[in-house]
Amino acid sequence: MACDDGAFASFAARSRRCLPRLFADYVDGGAHGEWTMARNRSAFRQWGIVPRGLRDVSRVNTAVSCFGQTWKTPLMLAPVGFAGMLHSDREVGGARAAAQCGVGMAISTFSIDSMEDVAAAGAAPFAQIYVFRDRALTRDMLARAAACGIPGIIVTVDTAITPVRERDARNGFRHLSRPTVMQMASLLRHPRWLAGVAARGVPRIGNLAGYTTARGVMAQAREMAAQIDPRLDRAGLEWLRQEWKGRLIVKGVMHPQDAAIAMACGADGLIVSNHGGRQMDPAPATLDVLPQIVEAVAGRGDIVLDSGIRRGGDVVTALALGATAVSIGRPWAWALAAGGQRAVVAAINVLSQEVTDVLGLAGLTDIPALRAQGTDALWKM
Ligand code: FNR
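Reference entry: report on the structure contained in this document. Quick caveat, the model's predicted, so the values are computed rather than measured.

This next bit is on the overall build of the protein. The secondary structure content of the protein amounts to 16 helices and twelve strands. The C-alpha atoms of the protein give a radius of gyration of 20 Å, which matches the 21 Å a tight globule of 381 residues would have. Among the 381 residues that make up the protein, the fraction classed as buried is 59%. Residue pairs at least 24 apart in sequence account for 76% of intrachain contacts in the protein once pairs closer than 6 positions are excluded. In the structure as shown, the protein presents an accessible area of about 15,600 Å², 53% of it carried by carbon and sulfur atoms. Side chains of the protein give 42 positive and 33 negative charges; the mean places of these two sets differ by 5 Å.

Have a look at this one:
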């Protein structure tokens, strides 16, 4: 996604310079015509936040409790597959940045650092998992998550099918295990990136390497992606609920009936997400479907919204419409690519400051006050 209107524009631009094109396009791109991606942003433009004065806003507290944790800003880093290929700081660097800033963090099934490594970095990350066709393998991942102290799993339910992402198709992204001359040339044009990746040894999908004999990240990813169970239904979610004793969060919910099913199956919370426009295209913006989902959940669990969050105002708007917190995918990936852990800290700080500014200018001193105000804090444009 071209990021021309967000607090993260400079990180996005820098990441495109630091990464070989096929990785930059992998991060930026979306499915099919990329309409969903565009709509995720334009949806925020429908709302203004009404400035309020004559109130003491000398102290603004943006802390929130979500999914059993307390975050200093209502923000979580979303699971991003292959994030560890973007910079030598890898997912552990992202997790350390999240811990340093006091925000939430989730690591992808398709991460380069394993969940054990990320958990050992002291970041209390959530582990995003897929339900695989092979339930014994899924069960093993759950056992590993429990053993390394993962507080909750995030099961992603919007990936039954992998749609064409045209940028990836053009770049032959999924066939990188046998690079063409053009691909090699593109990688070699980024020697710093290459040295960073190589410095940590031959990359593998840390979470999954033990389940496949395939060599190389892309071959491993292809084999394991084919394992994601497209038959996952209500019974599958009930099975998962029985198997996993910790917090269960369902990600990729876009319809109130799906939200109701997830909650009836014993989910502790939801992530309203269209995968940043990387799956269904055209889909509605997450912000547009949020109110119906809030109504369906009726306070039974926390709701995080992602897809298109780029500004503090976006965060405040989502919370006014009923989200407990938000998460960001590309923005932290851009920052990681641009400058590793330090840049992720900087990016989170930029967003946190914007949240504080907007909240204060709306005459509100904390998140409960914003939630109480709800849509009264907003102006429909
Ligand atoms: C993702 N996302 C994702 N989600 C998930 O559940 N498992 C995954 O492995 C991935 N991988 C992934 C890779 C990349 C490069 C991106 C950009 C995204 C989706 C992610 O968690 C989140 O839903 C979106 O990124 C949110 O949209 P924004 O913030 O990128 O607009």
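This next bit is on the nonpolar core. By size, the foremost hydrophobic cluster in this structure holds 122 residues, and its most contacted members are Phe 23, Phe 82 and Leu 240. Once residues within four sequence positions are removed from consideration, Phe 82 is found in contact with Tyr 26, Glu 91, Phe 110, Ile 112, Phe 173, Ile 205, Val 217, Met 218 and Ala 221.

A regular strand places its side chains so that they alternate between the two faces of the sheet. Alternating residues of strand β9 (residues 269-272) divide into Gly 269 and Ile 271 and Leu 270 and Val 272, and every residue in both groups is buried. Alignment of strand β8 (residues 247-253) against β9, held across four bridges, turns out to be parallel. Bridge pairing in β9 places Val 253 opposite Val 272. As a crossover connection, the stretch from β8 through helix α12 (residues 256-264) into β9 is right-handed. Across four bridges, the pairing between β9 and strand β10 (residues 302-305) is parallel. Pairing of Gly 269 across the sheet is with Asp 302, part of β10. In terms of handedness, the path from β9 via helix α13 (residues 286-297) over to β10 forms a crossover that is right-handed.

The strand order around the closed barrel built from eight strands is β4-β5-β6-β7-β8-β9-β10-β11, with neighbouring strands paired in parallel fashion. Within this sheet the neighbouring strands show an average axis-to-axis angle of 25 degrees, counted without direction.

Moving on: the pattern of salt bridges. One side chain can pair with another of opposite charge once the charged atoms of both are near each other. Counting across every chain of the model gives 14 salt bridges. Across the pair Asp 113 and Arg 90 runs a salt bridge, and its minimum N-O distance is 3.5 Å. Of this pair, Asp 113 sits in the loop between β5 (104-107) and α5 (115-120) while Arg 90 sits in helix α4 (residues 90-101), and the two are 23 residues apart along the sequence. Owing to a relative accessible area of 9%, Arg 90 belongs among the buried residues under this scheme. As a salt-bridge pair, Arg 144 and Glu 116 come within 2.7 Å of each other at their nearest N and O atoms. With Arg 144 in helix α6 (residues 135-147) and Glu 116 in helix α5, the pair connects residues that are 28 residues apart, well separated along the chain. Classification of Arg 144 as buried rests on a relative accessible area of 17%. Residue Glu 116 is classed as partly exposed on the basis of its relative accessible area of 28%. Three or more residues joined by partner-sharing salt bridges are found here, namely Arg 16, Arg 21, Asp 25 and Asp 28.

One can describe the packing of α6 onto helix α11 (residues 234-243) by two numbers: an axis separation of 11 Å at closest approach and a directional angle of 40 degrees. On the basis of the axis angle, α6 is oblique to α11. Like other packed secondary-structure pairs, α6 and α11 cross with a definite hand, here right-handed. Contacts from Arg 135, Thr 138, Arg 139 and Leu 142 of α6 reach α11 at Gly 236, Trp 239, Leu 240 and Glu 243.

Conventions and cut-offs
Position numbers for residues start from 1 in each chain and track the written sequence from start to end. At least 70 in pLDDT is required for a residue's local features to be given in this predicted model, at least 80 for side-chain atom pairs to be given and counted, and no such filter applies to totals for whole chains, interfaces and linings, which use all residues. Side-chain measures were taken over the full set of non-hydrogen atoms in the model, leaving aside hydrogen atoms and water. Secondary structure counts use DSSP, requiring at least four H or I residues in a row for a helix and at least two E residues in a row for a strand, with both numbered from the N terminus. The quantity called the radius of gyration is restricted to C-alpha atoms. Its globule counterpart is 2.2 Å times the number of residues to the power 0.38. Residue burial is assigned from relative accessible area. The probe radius is 1.4 Å, only protein chains are included, and a residue is buried under 20% of its type maximum, exposed over 50%, and partly exposed in between. It only takes one pair of heavy atoms within 4.5 Å for two residues to be counted as in contact. For the area figures, the Shrake-Rupley method with a 1.4 Å probe applies, and any residue is considered shielded solely by the protein chains shown. Think of it this way: Lys and Arg go in the positive column, Asp and Glu in the negative one, and His and the chain ends go nowhere. Lysine's charge is taken at NZ, arginine's at CZ, aspartate's at CG and glutamate's at CD. Remark: nonpolar core denotes a set of buried residues (Ala, Val, Leu, Ile, Met, Phe, Trp, Tyr, Cys) joined through side-chain atoms within 4.5 Å. Paired strands, in this sense, are two strands between which DSSP finds at least two bridges. Crossover handedness is defined by viewing with both strands directed away from the observer: a clockwise path from the first strand over the helix to the second marks the crossover as right-handed. Angular values range over 0 to 180 degrees, each being the angle between N-to-C directions of two axes fitted as lines to C-alpha atoms, with helices fitted over their stretch in contact. By definition here, a salt bridge exists when the distance from a side-chain nitrogen of Lys or Arg to a carboxyl oxygen of Asp or Glu is within 4 Å. If an angle is under 35 degrees, it is roughly parallel; if it is over 145, roughly antiparallel; if it lies from 65 to 115, roughly perpendicular; otherwise it is oblique. Working rule for handedness: look at the near helix, and if it is turned counterclockwise from the far one by less than a right angle, call the crossing left-handed; if clockwise, right-handed.

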